[in-house]
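Fold and contact review
So the chains spell out like this:
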Amino acid sequence: MQFSAFGQKFTRKTGILQLMDDLGKALNSDKPVNMLGGGNPARIPEVNAVYREVFRELAGQEDCHNAIENIGNYSTPQGDAKLIAALADFFRQQYGWNVGVENIALCNGSQNAFFYLFNLFGGKFADGTEKSILLPLAPEYVGYADAHTEGCHFVSVQPHIEKVQHNGEEGFFKYSVDFDALNRLPELQQGKIGAVCCSRPTNPTGNVLTDDEMARLDALARQHGIPLIIDNAYGMPFPNIIYSDTTLVWHDNIILCFSLSKIGLPGVRTGIILAAPEVIAAVSAMNAVVNLAPTRFGAAIAAPLIRNGKLKDVSDRVIKPFYMQQAQYAVTLLKQELSGYPMYIHKPEGAIFLWLWFDNLPVSSMELYELLKAEGTLVIPGEHFFIGIDTADYPHARQCIRISIAQNADIMKKGIAAIGKTVRRLYDMQTA
Ligand SMILES: Cc1ncc(COP(=O)(O)O)c(C=O)c1O
């Protein structure tokens, strides 16, 4: 069977395919697997209890029309009207933004949103120019890497790396945007960038771009007449897995993407886009072609929880402290396993991962991934995340791995012990 160029592009062995495949197989495997590789959120009993209560209420509503309405009919291509109205009210009250229902569209997970947005603002334009998406800092979310139909789609620059302390301890580092390198980028100067995009907090590193960095990216996007896309999948107000003191800014040149996944509902596949009405109309039109209408099940759960404030409450009170504690636990284990070895942990500022840099690692992180996988521990090799930069002369890109901190204490302990054993052996062989 012959596939088209489109077919060939989307059936390649991509980083995201490997990640999702490993995740699915590990969850269905008979053998015990220390799953530190996936992007699944943790199962937190107190959070699950909130969803259970909504399920019960939805199922028990006497007025059948109310209960079934959300899933018994398609919504408009823009998405479920009740959730959109609840979100517009919420954003106005919470942040004072001038937001109406014309500023919000839903889609089937924020992954779906990025596919739309990257193809809306990147690729071939009517005037013949071909535009890329600028990722101001790589490593970035691996799910962006192949989410485009044509062209060489992403441009990025190497980050600044600064060794920092965390809670008074050494052994940490933090990435920041190299604005000089960004400003020198030929694609930016030649009008070949269609949008700027960053995740904040960042998957895979847990980095949170500072307010100053965000203000500069905002100014850069406006200066070049292109939108700034902010991927807020881990940010405030939900799931609010963000520990640094930052603010969330929105105006009509910013496209802010939210998700219900990391509050514990990845299976409902609900993403939210907040943007200028022109962008929302474009996303709605794309939804009609690709999906007819976005899923309404997540909307049925989220709308009452937005209206009664419980989603924000459970994010602030339960989800955020939970991951903060998980990060601290993982850091403690890593420090025990690898003290005296050249491991640096990216300062944990949010999201559900730790990003580990093994300076001068004798093997590539891809080889480390294979060694760990053979021993029953899954991590994600760092190479895949350096999207849009040439990694051939960039050893740092082959010295990092991402581990999930969403697992229970036992799996984290076993998985980190396996990482410690293998990495110690590799370094010891190097010096022997
Ligand atoms: C930074 C980031 N953005 C977007 C997504 C996509 O999430 P979803 O499609 O489940 O909303 C993920 C998933 O892991 C992510 O980590």
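Residues numbered from 1 in each chain as written. Predicted model: local features only at pLDDT ≥ 70, side-chain atom pairs only at ≥ 80, totals over all residues.

1. Details of the environment of L305
- Within the secondary structure, L305 is located in helix 11 (residues 297-307).
- For L305 and V50, which are 255 residues apart along the polypeptide, the C-alpha to C-alpha distance reads 8.7 Å.
- Beyond its immediate sequence surroundings of up to four residues, L305 is in contact with V50, V54, K310 and L311. (Helix = DSSP H or I, 4+ residues; strand = E, 2+ residues; numbered from the N terminus. Contact = placed C-beta atoms within 7 Å.)

2. Considering helix 14 (residues 409-431)
- The terminal C-alpha atoms of helix 14, which comprises 23 residues, lie 32 Å apart, in line with the 33 Å expected from a rise of 1.5 Å per residue.
- By the burial criterion, the buried members of helix 14 are M412, G415, I416, A418, I419, V423 and Y427.
- On its buried face, helix 14 is in contact with strand 1 (34-35), helix 12 (310-338), strand 13 (353-358), helix 13 (365-374) and strand 14 (377-378). (Expected span 1.5 Å × (residues − 1). Buried ≥ 20, exposed ≤ 12 C-beta atoms within 10 Å, placed from the backbone.)

3. Overview of the packing of helix 13 against helix 14
- Running from N to C, helix 13 and helix 14 point in directions that differ by 125°, and their axes come no closer than 10 Å. Comparing the axis directions of helix 13 and helix 14 gives the class oblique. Note on packing geometry: the crossing formed by helix 13 with helix 14 is right-handed. Of helix 14, the residues touching helix 13 (which contributes L368, L371 and L372) are A418, I419 and T422. (Axes fitted to C-alpha atoms, helices over the stretch in contact; angles between N-to-C directions. Parallel < 35°, antiparallel > 145°, perpendicular 65-115°, else oblique. Left-handed = near helix turned anticlockwise from the far one by under 90°.)

4. Some remarks on the sheet that holds strand 13
- Judged by pairing direction, the sheet is mixed, and its six strands sit side by side in the order 6-7-12-13-16-15 without closing on themselves. Either end of the sheet is taken by a strand with one partner, and the two such strands are strand 6 (160-166) and strand 15 (380-381).
- Pairing of strand 15 with strand 16 (residues 400-404) involves two bridges; the strand directions are antiparallel. Paired with I380 across the bridge in strand 16 is R402. (Pairing = 2+ DSSP bridges.)

5. Quick look at the pairing of strand 7 (residues 169-176)
- By the bridge criterion, six bridges tie strand 6 to strand 7 in an arrangement that is antiparallel. Paired with I161 across the bridge in strand 7 is Y175.
- Two strands pair when backbone bridges link them, and strand 7 and strand 12 (residues 343-346) are joined in this way by two bridges, in the parallel orientation. Directly across from F172, in strand 12, lies its bridge partner I345.

6. Here we look at the domain arrangement of the protein chain
- Per the domain assignment, the segments of the protein chain are domain 1 (5-43 + 314-431) and domain 2 (73-309).
- The C-alpha centroid of domain 2 is placed 24 Å from the C-alpha centroid of domain 1.
- Across the boundary between the two partners, domain 1 contributes 38 residues, which contact 45 residues of domain 2.
- Where the side of domain 1 that touches domain 2 is concerned, the elements lending two or more residues are helix 2 (15-28), helix 12, strand 12 and strand 13.
- If one sorts the elements of the side of domain 1 that touches domain 2 by residue count, helix 12 sits on top with seven residues.
- For the side of domain 1 that touches domain 2, the residue count by class is 23 nonpolar, nine polar and six charged. (Domains from an automatic or database assignment. Nonpolar A, V, L, I, M, F, W, Y, C, P; charged D, E, K, R; others polar.)

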